[in-house]
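Architecture and fold: a report
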Amino acid sequence: MALLVGYLIGISHVDPLRWNLTLERFIPEDVSTLPDIDLDCPRILRDELIRRVHQYFGPDYAVLAGAISTYSTKGIIQDLGKGLGLSKQDLKLLSRQLHSHNTASLWKEMAELPASRDKVEAPGWRDMIQLPPAD
C-alpha cells in the first residue's frame with residue numbers, strides 16, 4: 001500500500017504494480033482496517049513530501065507523528081562517552097558501577113567512583129562530568 005501511495009503521489013518513480021511489489025501479502029486476513037502509511041525520506045525532501053501528502057490527502061487525513069527517545073543511565077553514559085571519544089571498555093565498566101538513576105547526582109557519583117577518579121581531569125571525561133545535569 002505504501003509503495004503504491006508513494007508512486008501515485010509522485011514521490012517514487014517505481015511503479016509497484018508493474019513490478020508486483022505489493023505489501024498486502026504481509027497484512028493478516030483478519031485485519032479489518034487499513035494500515036498506517038509511514039513515509040521515511042531524506043531530510044532534504046521532508047518539506048516537499050509533507051506538502052505533497054497534505055495537498056493530496058488533505059489535512060483531515062494526513063498527520064505528522066513524532067517519537068521521543070528516552071535513555072537509561074547506562075545509555076546516557078555510553079552514548080555521551082562515545083560522542084566524546086572515550087573508551088567503550090571504560091564506559092561499560094563505569095556504567096555498571098553507577099547506582100544512581102537521577103542525573104542530578106549521576107555526575108557527582110561518577111566523579112567519586114574509583115574507576116573514574118583518576119580520569120576526571122582527562123579531556124573527554126572532564127567534559128562529561130562538567131555537563132549540566134538534566135532537570
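Below: a short report on this structure. Quick caveat, the model's predicted, so the values are computed rather than measured.

Under the definition given, this model contains two salt bridges. Between Glu-48 and Arg-51 there is a salt bridge, with its nearest N and O atoms 2.6 Å apart. Of the two residues, Glu-48 and Arg-51 are both situated in helix H2 (residues 46-57); the distance of three residues between them amounts to about one turn of the helix. Judged by its relative accessible area of 33%, Glu-48 is partly exposed. Residue Arg-51 is classed as partly exposed on the basis of its relative accessible area of 43%. Residue Arg-52 pairs with Glu-48 through a salt bridge whose shortest N-O separation is 2.8 Å. Of the two residues, Arg-52 and Glu-48 both sit in helix H2, four residues apart, roughly one turn of that helix. A relative accessible area of 29% means that Arg-52 is categorised as partly exposed. Put simply, Glu-48, Arg-51 and Arg-52 are held in one network by salt bridges that share partners.

Turning to the environment of Gly-85, a few remarks are in order. With respect to the element layout, Gly-85 can be found in the loop between helix H3 (73-83) and helix H4 (88-97). Distance in space between the C-alpha atoms of Gly-85 and Trp-125 is 9.3 Å, their sequence separation being 40 residues.

Below, the discussion takes up the packing of aromatic side chains. Under the defined criterion, the tally for this structure stands at one aromatic pair. Their ring planes at 75 degrees and their centres at 4.9 Å tell us that Tyr-56 and Phe-57 sit as a pair that is edge-to-face.

Now for a nonpolar patch on the surface. On the surface, Tyr-7, Leu-8, Tyr-56, Phe-57 and Tyr-61 cluster together to form a nonpolar patch covering roughly 590 Å² of accessible area. Relative to the helices and strands, Tyr-61 resides in the loop between H2 and H3. A residue is classified by how much of its surface remains accessible, and Tyr-61, at 70% relative accessible area, is exposed.

Formed by Ile-77, Leu-86, Leu-91, Leu-94, Leu-98, Met-110, Leu-113, Val-120, Trp-125, Met-128 and Ile-129, the largest nonpolar core amounts to 11 residues. For this core, the elements supplying multiple residues, two or more each, are H4 and helix H7 (125-130). Per element, the largest residue contribution to this core is three residues, and it comes from H7. Excluding its chain neighbours within four sequence positions, the residues that come into contact with Leu-86 are Gly-81, Leu-91, Pro-123, Gly-124, Trp-125 and Met-128. Formed by five residues, the second largest nonpolar core is a distinct cluster that contains Val-5, Ile-9, Leu-49 and Val-53.

Glancing now at the packing of H3 against H4. At a closest axis distance of 9 Å, the pairing of H3 and H4 adopts a crossing angle of 155 degrees. Classed by the angle they form, the pair H3 and H4 counts as roughly antiparallel. In this structure, H3 crosses over H4, and the sense of that crossing is right-handed. Here H3 contributes Lys-74, Ile-77, Gln-78, Gly-81 and Lys-82 to the contact with H4, which in turn contributes Leu-91, Lys-92, Leu-94, Ser-95 and Arg-96. In terms of residue class, the contact of H3 with H4 is built from three nonpolar, three polar and four charged.

Parameters and conventions
Residues numbered from 1 in each chain as written. Predicted model: local features only at pLDDT ≥ 70, side-chain atom pairs only at ≥ 80, totals over all residues. Heavy atoms only, no water. Salt bridge = Lys/Arg side-chain N within 4 Å of Asp/Glu carboxyl O. Helix = DSSP H or I, 4+ residues; strand = E, 2+ residues; numbered from the N terminus. Buried < 20%, exposed > 50% of the residue type's maximum accessible area, 1.4 Å probe, protein only. Phe/Tyr/Trp six-rings, centres within 6.5 Å; stacked < 30°, edge-to-face > 60°. Patch = residues over 30% accessible without salt bridge, like charges linked within 9 Å, V, L, I, M, F, W, Y side chains within 5 Å. Areas by Shrake-Rupley, 256 points an atom, 1.4 Å probe, with all protein chains shown as cover. Core = buried A, V, L, I, M, F, W, Y, C linked by side-chain atoms within 4.5 Å. Contact = heavy atoms within 4.5 Å. Axes fitted to C-alpha atoms, helices over the stretch in contact; angles between N-to-C directions. Parallel < 35°, antiparallel > 145°, perpendicular 65-115°, else oblique. Left-handed = near helix turned anticlockwise from the far one by under 90°. Nonpolar A, V, L, I, M, F, W, Y, C, P; charged D, E, K, R; others polar.

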